[in-house]
Amino acid sequence: MKLSIDSKLQDSIYNELKGDKGASIAINPLNGEVLAMVSSPSYNSNTLVTYKTKEIANKWENQNNIQFENRANDSYSPGSTIKLITSSIGLESGVINPNEYMDIKGESWQKDSSWGNYSVTRVKDTKRPVNLYDAVKYSDNIYFADKAIKLGEEDYIKGLKKFGIGEKITFEYPMQNSQISNNGKLDNEILLGDTGYGQGEILMTPLDVVLSYSALVNDGNIMIPRLVISENKESKVYKNAIDKKYIEELKKCFKGAINDEDSTGYLAKIEGKNIMGKTGTAEIKNSKDDNSGINNGWFVAVNEDDPKIAISMIVENINKSTSEYVVPKVKNILNYYLN
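Let's shift gears to the side chain of Ser214. Position of Ser214 among the secondary structure elements: in helix H7 (residues 206-214). The class for Ser214 is buried, based on a relative accessible area of 0%. Among the polar contacts made by the side chain of Ser214, one reaches the main-chain carbonyl oxygen of Leu211 at a distance of 2.5 Å.

What follows is the structure, given as structure tokens:
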């Protein structure tokens, strides 16, 4: 049996996670081969079939056996990584005109008074109207909430399914299913808006996230992911996710999210390499006012020239910004693999 896993890349990713609770999946975006699939922290599997010292047993117990959870196949709130999908759906439907500006005042917004005390917040008040490029670069939650609401439930769900969200994926390794919401519907306006920027009830695995960005360098296509390449030898298209006519616009936006000095992903910039990607911070709370919630940090990236790798990474419960903590880890991996 021959696997597609690149053991050196696997080690590189695991070493970057440095024992953090998190996961990362890397694929070849052109043929769907899974190059790495990492869950952290982990353990030496030999200890389960040979001998386990008291020191190891005590360590596992003191850490509540966190080593035994496979995070690589878990589904998570995708945070702002979903903004590629919302952008693509909006462009294709005509709801998003990339040259049209939305004038948002302040850092919080609600569609109207029917929302009561609930509002969508954004990290940065740009003090000026924003278009699609700006909204991607600054990761503007308000812009994407507004566009999801204007798309409406039916068109937004149809667009999500073009990326395979809410559907069972064909893969040799068992993965948790992605979901659009707890009941598969987005018939609540606030839930629809929140979903547009990656909160709400939507869940995606690290594989779902990396597959969506692979479409940027594969003519809009997502390939069926492959692991056992000695048996699953032929690469096949899984989804025609992005309409070709919008790929260049999306590439421009998601390169800006890395290359512009004031972008959220600027720390991933590599001189001489065209990298596209997106940061994401998913707030895990029981309610908007819950101060005991945690933040999961995402970063997903794909190289454009001679595409070789698309990679997603999530680190659970971070107390720094995603840009400061997760982005440099992925940059180091890209530097290793592309140079």
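This next bit is on the nonpolar core. Judged by nonpolar contacts, the single largest core of 69 residues is most densely connected at Tyr156, Leu160, Leu207, Leu216 and Phe254. The element contributing the most residues to this core is helix H5 (residues 141-162), with ten residues. With 24 residues, the next largest nonpolar core counts Leu17, Ile309, Ile318 and Val330 among its residues.

Quick look at unusual backbone geometry now. Cis peptide bonds are those with omega within 30 degrees of zero, and the linkage from Ser40 to Pro41 qualifies with -5 degrees. Mapped onto the secondary structure, Pro41 falls in the loop between strand E2 (34-40) and helix H2 (54-62). In this structure, Lys18 takes a positive phi of about 50 degrees despite not being glycine. Within the secondary structure layout, Lys18 lies in the loop between helix H1 (7-17) and strand E1 (22-27).

Right, let's get into the pairing of E2. The buried count for E2 comes to seven of seven residues, which makes it a mostly enclosed element. Two strands pair when backbone bridges link them, and E1 and E2 are joined in this way by six bridges, in the antiparallel orientation. Looking at E2, one finds that Ala23 is bridged to Ser39. The hairpin formed by E1 and E2 contains six residues between the paired strands, and Gly32 there has a positive phi angle of roughly 80 degrees.

On to the environment of Gly106. Mapped onto the elements of the fold, Gly106 is located in the loop between helix H3 (83-93) and strand E3 (108-109). Residue class for Gly106 comes out partly exposed when judged on its relative accessible area of 28%. When the C-alpha positions of Gly106 and Lys127 are compared, they lie 7.6 Å apart, and in sequence the two are 21 residues distant. Those residues in contact with Gly106 that sit more than four places away from it in its chain are Arg122 and Asp125.

A word on the sheet that holds strand E7 (residues 275-284). With respect to topology, five strands assemble into an open sheet ordered E2-E1-E9-E8-E7, the strand pairing being antiparallel. The sheet is open, and its two edges are formed by E2 and E7, each paired on a single side. Recorded for the sheet is a direction-independent mean angle of 5 degrees between the axes of neighbouring strands. Contacts from helix H10 (residues 327-338) reach E2, E7, strand E8 (294-303) and strand E9 (310-315), with the element oriented near 150 degrees to E9.

What counts and what doesn't
- Residues numbered from 1 in each chain as written.
- Predicted model: local features only at pLDDT ≥ 70, side-chain atom pairs only at ≥ 80, totals over all residues.
- Heavy atoms only, no water.
- Helix = DSSP H or I, 4+ residues; strand = E, 2+ residues; numbered from the N terminus.
- Buried < 20%, exposed > 50% of the residue type's maximum accessible area, 1.4 Å probe, protein only.
- Polar contact = N/O pair within 3.5 Å; in protein donor to acceptor, adjacent residues only side chain to side chain.
- Core = buried A, V, L, I, M, F, W, Y, C linked by side-chain atoms within 4.5 Å.
- Pairing = 2+ DSSP bridges.
- Contact = heavy atoms within 4.5 Å.
- Axes fitted to C-alpha atoms, helices over the stretch in contact; angles between N-to-C directions.

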